[in-house]
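The lines below spell out each chain.
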Number of protein chains: 6
Amino acid sequence: MSVHNIEDLIIKAKILQEALPYIRYFHGKTFVIKYGGSAMKDEHLRESFAKDVVLLKYVGINVIVVHGGGPQINEMLSKLGIKQKFVGGIRKTDEETMHIVEMVLSGDINKDIVALINKHSGENIYAVGLSGRDGRLIRARKMKEDFLKEIGIEIEEDIGYVGEVVSVNVDLLNSITEKNYIPVIAPVGVGEKGEAYNINADLVASEIAISMNAEKLIFLTDTEGVKDENGDVISSITERDTQLLIKKGIVKGGMIPKVKFALKAVNNGVKKVHIIDGRVEHSLLLEIFTREGIGTEVVSN
Amino acid sequence: MSVHNIEDLIIKAKILQEALPYIRYFHGKTFVIKYGGSAMKDEHLRESFAKDVVLLKYVGINVIVVHGGGPQINEMLSKLGIKQKFVGGIRKTDEETMHIVEMVLSGDINKDIVALINKHSGENIYAVGLSGRDGRLIRARKMKEDFLKEIGIEIEEDIGYVGEVVSVNVDLLNSITEKNYIPVIAPVGVGEKGEAYNINADLVASEIAISMNAEKLIFLTDTEGVKDENGDVISSITERDTQLLIKKGIVKGGMIPKVKFALKAVNNGVKKVHIIDGRVEHSLLLEIFTREGIGTEVVSN
Amino acid sequence: MSVHNIEDLIIKAKILQEALPYIRYFHGKTFVIKYGGSAMKDEHLRESFAKDVVLLKYVGINVIVVHGGGPQINEMLSKLGIKQKFVGGIRKTDEETMHIVEMVLSGDINKDIVALINKHSGENIYAVGLSGRDGRLIRARKMKEDFLKEIGIEIEEDIGYVGEVVSVNVDLLNSITEKNYIPVIAPVGVGEKGEAYNINADLVASEIAISMNAEKLIFLTDTEGVKDENGDVISSITERDTQLLIKKGIVKGGMIPKVKFALKAVNNGVKKVHIIDGRVEHSLLLEIFTREGIGTEVVSN
Amino acid sequence: MSVHNIEDLIIKAKILQEALPYIRYFHGKTFVIKYGGSAMKDEHLRESFAKDVVLLKYVGINVIVVHGGGPQINEMLSKLGIKQKFVGGIRKTDEETMHIVEMVLSGDINKDIVALINKHSGENIYAVGLSGRDGRLIRARKMKEDFLKEIGIEIEEDIGYVGEVVSVNVDLLNSITEKNYIPVIAPVGVGEKGEAYNINADLVASEIAISMNAEKLIFLTDTEGVKDENGDVISSITERDTQLLIKKGIVKGGMIPKVKFALKAVNNGVKKVHIIDGRVEHSLLLEIFTREGIGTEVVSN
Amino acid sequence: MSVHNIEDLIIKAKILQEALPYIRYFHGKTFVIKYGGSAMKDEHLRESFAKDVVLLKYVGINVIVVHGGGPQINEMLSKLGIKQKFVGGIRKTDEETMHIVEMVLSGDINKDIVALINKHSGENIYAVGLSGRDGRLIRARKMKEDFLKEIGIEIEEDIGYVGEVVSVNVDLLNSITEKNYIPVIAPVGVGEKGEAYNINADLVASEIAISMNAEKLIFLTDTEGVKDENGDVISSITERDTQLLIKKGIVKGGMIPKVKFALKAVNNGVKKVHIIDGRVEHSLLLEIFTREGIGTEVVSN
Amino acid sequence: MSVHNIEDLIIKAKILQEALPYIRYFHGKTFVIKYGGSAMKDEHLRESFAKDVVLLKYVGINVIVVHGGGPQINEMLSKLGIKQKFVGGIRKTDEETMHIVEMVLSGDINKDIVALINKHSGENIYAVGLSGRDGRLIRARKMKEDFLKEIGIEIEEDIGYVGEVVSVNVDLLNSITEKNYIPVIAPVGVGEKGEAYNINADLVASEIAISMNAEKLIFLTDTEGVKDENGDVISSITERDTQLLIKKGIVKGGMIPKVKFALKAVNNGVKKVHIIDGRVEHSLLLEIFTREGIGTEVVSN
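Residues numbered from 1 in each chain as written. Chains lettered and ligands numbered in written order. Predicted model: local features only at pLDDT ≥ 70, side-chain atom pairs only at ≥ 80, totals over all residues. Heavy atoms only, no water.

Turning our eyes to something else, we now look at the interface of chain C and chain D. Contact residues are listed per partner, giving 40 residues for chain C and 40 residues for chain D. Carbon and sulfur atoms supply 56% of the area that chain C and chain D bury against each other, a total of about 2900 Å² over both sides. For the chain C face of the interface with chain D, the top three residues by lost area are Met103(C), Lys111(C) and Arg136(C), together amounting to 20%. Counting every contact that joins chain C to chain D gives two salt bridges. Here chain C and chain D share 16 residue pairs in polar contact (both at pLDDT 80 or more) between them. (Contact = heavy atoms within 4.5 Å. Buried area = accessible area lost by both parts, 1.4 Å probe. Salt bridge = Lys/Arg side-chain N within 4 Å of Asp/Glu carboxyl O. Polar contact = N/O pair within 3.5 Å; in protein donor to acceptor, adjacent residues only side chain to side chain.)

This part covers the environment of Ile276(A). All names here are of chain A. Mapping Ile276 onto the fold places it in strand E13 (residues 272-277). The exposure class of Ile276 is buried, given its relative accessible area of 0%. When the C-alpha atoms of Ile276 and Ile250 are compared, they prove to be 18 Å apart, with 26 residues separating the residues in sequence. Filtering out sequence-adjacent residues up to four positions away, Ile276 remains in contact with Ile218, Phe219, Leu220, Thr221, Thr223, Ser283, Glu287, Ile294 and Gly295. (Helix = DSSP H or I, 4+ residues; strand = E, 2+ residues; numbered from the N terminus. Buried < 20%, exposed > 50% of the residue type's maximum accessible area, 1.4 Å probe, protein only.)

Moving on to the relation of the copies chain C and chain B. Once turned by 180° and shifted 0.0 Å along the axis, chain C lies on chain B with an RMSD of 0.0 Å. Interpreted geometrically, this transformation is the action of a two-fold axis. Relative to the rotation axis, the C-alpha of Val59(C) is the closest in chain C, positioned 2.3 Å from it. Comparing interface residues between copies, 100% of those in chain C also lie at the interface in chain B; the contact surface is shared. (Least-squares fit on C-alpha atoms with pLDDT ≥ 70 in both.)

Right, let's get into the pattern of salt bridges. All names here are of chain A. In this structure the tally under the stated criterion is 117 salt bridges over all chains. Across the pair Glu157 and Lys92 runs a salt bridge whose closest N-O atoms are separated by 3.1 Å. With Glu157 in the loop between helix H7 (145-150) and strand E7 (163-168) and Lys92 in the loop between strand E4 (90-91) and helix H6 (95-120), this pair connects stretches of sequence that are 65 residues apart. Take Glu157: its relative accessible area is 31%, and that puts it in the partly exposed class.

Moving on, we come to the sheet that holds strand E14 (residues 296-298) of chain A. Residue and element names in this part refer to chain A. Taken together, eight strands build an open sheet; the order of strands is E5-E8-E2-E1-E11-E13-E14-E12 and the sheet is mixed. For this open sheet the edge positions go to strand E5 (126-131) and strand E12 (236-237), each flanked by a neighbour on one side alone. Taken together, the three bridges between E13 and E14 define a ladder with antiparallel strand orientation. Its bridge partner lying in E14, Ile275 is registered against Thr296. (Pairing = 2+ DSSP bridges.)

Contact residues are listed per partner, giving 37 residues for chain C and 37 residues for chain B. Between chain C and chain B, a total of about 3400 Å² is buried, with carbon and sulfur atoms accounting for 75% of that surface. Along the contact surface separating chain C from chain B lie four salt bridges. Across the pair Glu281(B) and Lys14(C) runs a salt bridge, and its minimum N-O distance is 3.3 Å. Run the count over chain C and chain B and you get ten residue pairs in polar contact (both at pLDDT 80 or more). Here the element with the most residues in the side of chain C that touches chain B is helix H1 (residues 3-26) of chain C; it accounts for 14 residues. Counted by class, the side of chain C that touches chain B contains 20 nonpolar, ten polar and seven charged residues. (Nonpolar A, V, L, I, M, F, W, Y, C, P; charged D, E, K, R; others polar.)

With that settled, the discussion passes to the packing of helix H9 (residues 201-211) of chain B against helix H11 (residues 255-267) of chain B. Two measures define how a pair of helices packs: the angle their axes make with one another and the distance between the axes. All names here are of chain B. Viewed as axis vectors pointing N to C, H9 and H11 meet at an angle of 5°, and their least axial separation amounts to 9 Å. If you check the angle between H9 and H11, you find them roughly parallel. Listed contacts from H11 to Asp202, Leu203, Ser206, Glu207 and Ile210 of H9 are Lys258, Phe261, Lys264 and Ala265. In terms of residue class, the contact of H9 with H11 is built from four nonpolar, one polar and four charged. (Axes fitted to C-alpha atoms, helices over the stretch in contact; angles between N-to-C directions. Parallel < 35°, antiparallel > 145°, perpendicular 65-115°, else oblique.)

So, about the sheet that holds strand E12 (residues 236-237) of chain F. Within a sheet, each strand pairs with its neighbour through backbone hydrogen bonds, oriented either parallel or antiparallel. Residues and elements named next belong to chain F. Across the sheet, eight strands lie side by side as E5-E8-E2-E1-E11-E13-E14-E12; this open sheet has mixed pairing. Every other strand in the sheet has two partners, leaving strand E5 (126-131) and E12 as the edge strands with one partner each. Together, strand E1 (30-35), strand E2 (62-67), E5 and strand E8 (181-186) form the strand contacts of helix H6 (residues 95-120), whose direction differs from that of E5 by roughly 170°. Along the sheet, helix H11 (residues 255-267) makes contact with E1, strand E11 (216-221), strand E13 (272-277) and strand E14 (296-298), crossing E13 at roughly 150°.

Here we take up the pairing of strand E8 (residues 181-186) of chain D. Residues and elements named next belong to chain D. By the criterion of burial, E8 is predominantly enclosed, with six of the six residues buried. Burial along E8 is two-sided: the residues Tyr181, Pro183 and Ile185 and Ile182, Val184 and Ala186 are all buried. One ladder, built from two bridges, connects strand E2 (residues 62-67) with E8; its direction is parallel. For Val65, the partnering residue across the bridge sits in E8 and is Val184. Across six bridges, strand E5 (residues 126-131) lies against E8 in parallel orientation. Opposite Gly129, over in E8, you have Val184 as the bridge partner.

As structure tokens, then:
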């Protein structure tokens, strides 16, 4: 090993050391990560994400991944010639559609992410994929109109098997995280009769973060964060700010429920909620270097 | 409650009591059940199967379910217009096909069985679906030609992602069965690079039974058992019998690997292996009443 | 196995399945059973009782048996030529009598029941006999006059070592039931100085059910239940009903304290209390088929 | 507190300290004590025995008590007018006799000893009485002729329910001693069909000492130890010495089996076996002061 | 063994038995012992102390030793030519002095006591030395003026690294005492920046007794106890008595803080606090013989 | 956070990710680190060392630190005017010297390192200092002449309390490392009579690495590694190489025992042994980046 190499290594070691205060702080705490968008499509970003998840686990953080999967569902429905309809941005989910939704989420995307993470984990850490139907992980019911209004959606027709979360089987998650497994969760809920529900992945992530008393809830998105009227990223946003921005039409579409679910998490014991840019390589690991986090932090008031 | 009712109940209680010697004997032991065929399609048989699995669990038997899914895969591939090819009875599995195979097995059939069982289980027992990629449950490699020959298949072209089992993550299964969960396993394996393999579900069931040191391995089939040249069910069959029947062409097709995997299990510590008729209601529960079991028992020699 | 047999087995399996909802519900809960009367004398009923206890244990119910033993005590006292005297239905228990009472209860009846149950249990479940003096299981004191009055007894002379329950050593019972042992308890209490007390077995059963927070307390008696003025069994009886029936002289004698202790249990957290007919074969197991139970249920009001 | 008192206390403290090396050595080890004879009858010796057992437990020794009860059995049989017959020193035990034997041992003597010990134990240590039928603690079978010959007894008629030990349920004893309970064991065994056997208490003590891998097995007797032809106590005796003394008729009667069982224990892993004088107050505690023990030590060769 | 010896042993056994009620009572409870003065210097007293500590541990008492070390510190400082200054009886502790104080306490005296105790303990009990810096056992801060006034000390200059206790790492102490280790603690605290503080050993003992919810706190001193104006030892002293005696100048010097710390312990849950004469051999063990203890007991009011 | 910052953070994250394969590999394994030389003196290197130890612990490596302390001992002995004598490079250790050696090692250096590490650890990780006398951690005996010869030292006079390791109390170390504590060990051993021994810290590190079945044993030295005749660092050295280099006088002085102890470790199950340059900042952490390690690796043959 040449002298040059050692100097190089020392610089790297110093950078590792910069992470120590954060590792120390986050050790033993829970991070819930909503995984989606480009970070799930781009091969390079996928690898970067998987490695980050594994590294967070190795430094003692209990990582829980919740994923979405809209584009893959669309694609499969198209291939199968099933007509898709969106009502107020929400997929109208009849029984046939629900069948495909679940299959794609739990059988394709979920296992793909599990394999991706396992590729980078060692002999003592593994990802395990779960749908909300496994062990009745996510009990759900048909989403109520009030709930829809609350997240800014007005509908005039029945949207079928679109669900909201009733409760989370915390025991199952604990027994998995205690054993050095990383749960990877498909946003499918289970109703009283065992029927499946299609649930917004942001909502699932938020409810799991609340149930697990998480330290951080991180939404990986295809935007730099919540932006103000000038298009600048807002580093910290309160409930009142949000209401104003929605009123002004600056926060709109899918960002409305995301921000609402983020606020719900913050108001129910989750320490920090961040909406960050998943298109940035290692965006997840950046959390290790920044106690305040990156992108937009959603705060209580 | 009328006198009549009590007499009725007493008869029922006596029948319950007939199960006691078997419950006593099987308490704390492991049953691996290969679930497939009509028992998976017929609504009435499905309910009967699910209740049986739950009851076995409640009387202290560690039940592990492994399922197949050929017909559903065929159907989905057809719908998607993907050409299917079988070589020596084995599905030629290119990457595109593997993708659909996994999706249907892990995302559709698996979750469906999980929900089916959970419908009948209580607040303390749950089914949890796993694919062989979850927690690297089933490490696999491309099936070798020797192996194919061994199970009576000669192929002349590459069959793609068809796998054999390298090892089973027993720790993961134990941590799940200890906690009153019933694992439901999709026959997908994971290769060294994380790639998925399509594995014969009978083989997966056999290998899991061996790894878990099971008391019983039960194949639910659409036949009454292995039959002799007169079409009569053979109650007990040895390795030598098998070779003879294969030679004579009486045991053939998919029954050849099934019998071979059954023999492997018997020769590697599994106490009892049965090939039974899944078209018979509660066929699984019949095991509780019969220490010798029903259908054809495969024995060592 | 002939086809006929299989059909037969299926009917039996269906009957087993009828028990599933009850097994599911009672799994992990505690049943305290007061065992006495004909069910303890008739050889056929004894076997039926023992098998039922074992089966309840195998399906996950924590069974605790409390037994009486009046007739055997009378017989032994007679043989030994010791004069017996009953005051208000209660055995006057001087030191010599207490000595024989304990010997018969703990050394004869108790061990007999233990052996009876163990005859039907397997390698992993055992009955263990305990007297209230073992591990100070039942701390007792001389029964007070108020208590006697409360259960409808007026006495004019000292009745000696007749006790009431002060406390139950729950730790000892838990450490035994956790380990797959079935405790069989003789109704003998221990005083502050280590002296033995003769305690009404119904009272012991009631106090243990309360201390163990039992799901069910079942009195096996030689009657079909509590009867009304027409001699018909009352399926459900309240505190007020009881007072009326006692006043009218319809509920009388030993049934008065039994009903009082049943009410105490119901009023102190025991979910269900039943007075049932122990002369009916498998009467205990009938509980498995009936969430409401059989005979007379004693309810709070 | 006067100065005089303190000097007194210091002397006592010094004496306590003399016990330290022995406490240190015996901490965590198992002592099996065969309790019988005068130590069980004389009120003063009984108290001394109970206190000693409790103190041994408090200094960390796992004490297991096995008791006999011949005189009490004789007395009860006499009172009941049941004819007693001894063949070669062994009680001929027909079914009626066995019934009384068990009742007296398990229901009278056993509970009496339990209460005696509990009188001196605190809130964290308790005696629990067990018969060999509880939890199938002592599996037994009819004593074979060979066995009888081996212990110097020739019989010409059937002696009924006299048993030898087949196996000891070590799990049950461990689960009790781990929990700060002191097991007190009645020498009754259980046969394959649940039937009771009358077993020599010395034999039970020896077999339990072997099964529990005991440090010490102590027989409390009504003699100062094994004596030589001059009537002097022999401090240490080997197998060969024993044979010679038996041949010469110096060791005879009930001392023959006692010495044989002692030798069996020594030859099967029990570290020290002592035959001591139970008529000496605190004879048991003297073990604490003497690593070699008192009375006669039985050694391997 | 001669008859004479046995009689001798019996007397000793009786004396052991006199300790039983106390052992029973103190079993599982915690004693914190402040060790210092002659008991730490005189070879004979040292041995007596070590044996007593070990014996207390063997009879199930969790012993925690806190030691001082003034004379040894003085000696080392003298040898090194470092000027010593006392302000109001408190050592002015600059950085250089603190360095020596810690070294002598943690490296010399502490290890010396550990070795002393281990000399008398067996294979299953060990002393482990800890300073307040190990595992941040004793978090400390600079002693405040108010605190000094409270214990009767007025100072006019800075006394340097003299600390008061902020908190005790109870987890560390519990994990050590659970494992049969005896913690021996040097009275050094650790500040926020890791700096060492010299803390009064009486204060450390008192704070540890409070944190560990101790049954007894015992100060071994070079006096017979707290004395009244006639020089007679007061067997029991209250807060009000103390104030009066301090006012009168009868309690003075180092006895003032000792009594104050004793009172603090009593007022914060420690059951009994004693100031006893460490010059008396086995003074510690005398506690076993006396529920009221010896010397002066400090009581709440 | 500016864009610039994010790019910066990404580079840092990438560097963190480079450590992942090593973290994955070393997770759950034990590193024994011999700490000494400049790394213990230079303030900057001290901080770098402490942070590295803490970071290794946080990523799941069980770190055990063994320290030396020659220079500080020399200094203290000088200050105290105690004559020092070295025989064959070994300190002649009479009783007075041993006293100071222990005091400096256990009371000064040890606590200093403990405080240094604790300064950088969080709320869940702590360093705990231990001497070989605590809990009889390092049982020792006087070093034998053979041993001295073996490590190349010939002496003609008695060297006093210089010890070799007899055994290590692995239970104590395990109970500490399991609880998230980092043991910091002073190289003092305890003899049969409790006397202290001065032991070469390299020897202590080697013996602890062997006993704990360590993955790595790392000697932090004031040299770049073992050098060849040209003064170039040898990256890997075998037993034979060593013998040759010693013969040629190239490896000499204190490097001889160090290499010998390293070889002993390698030959007794320690996976990797490295002699590295402690003067290089973060030299310890460099291990995280290099599976082969830095400096000179000592290999078996």
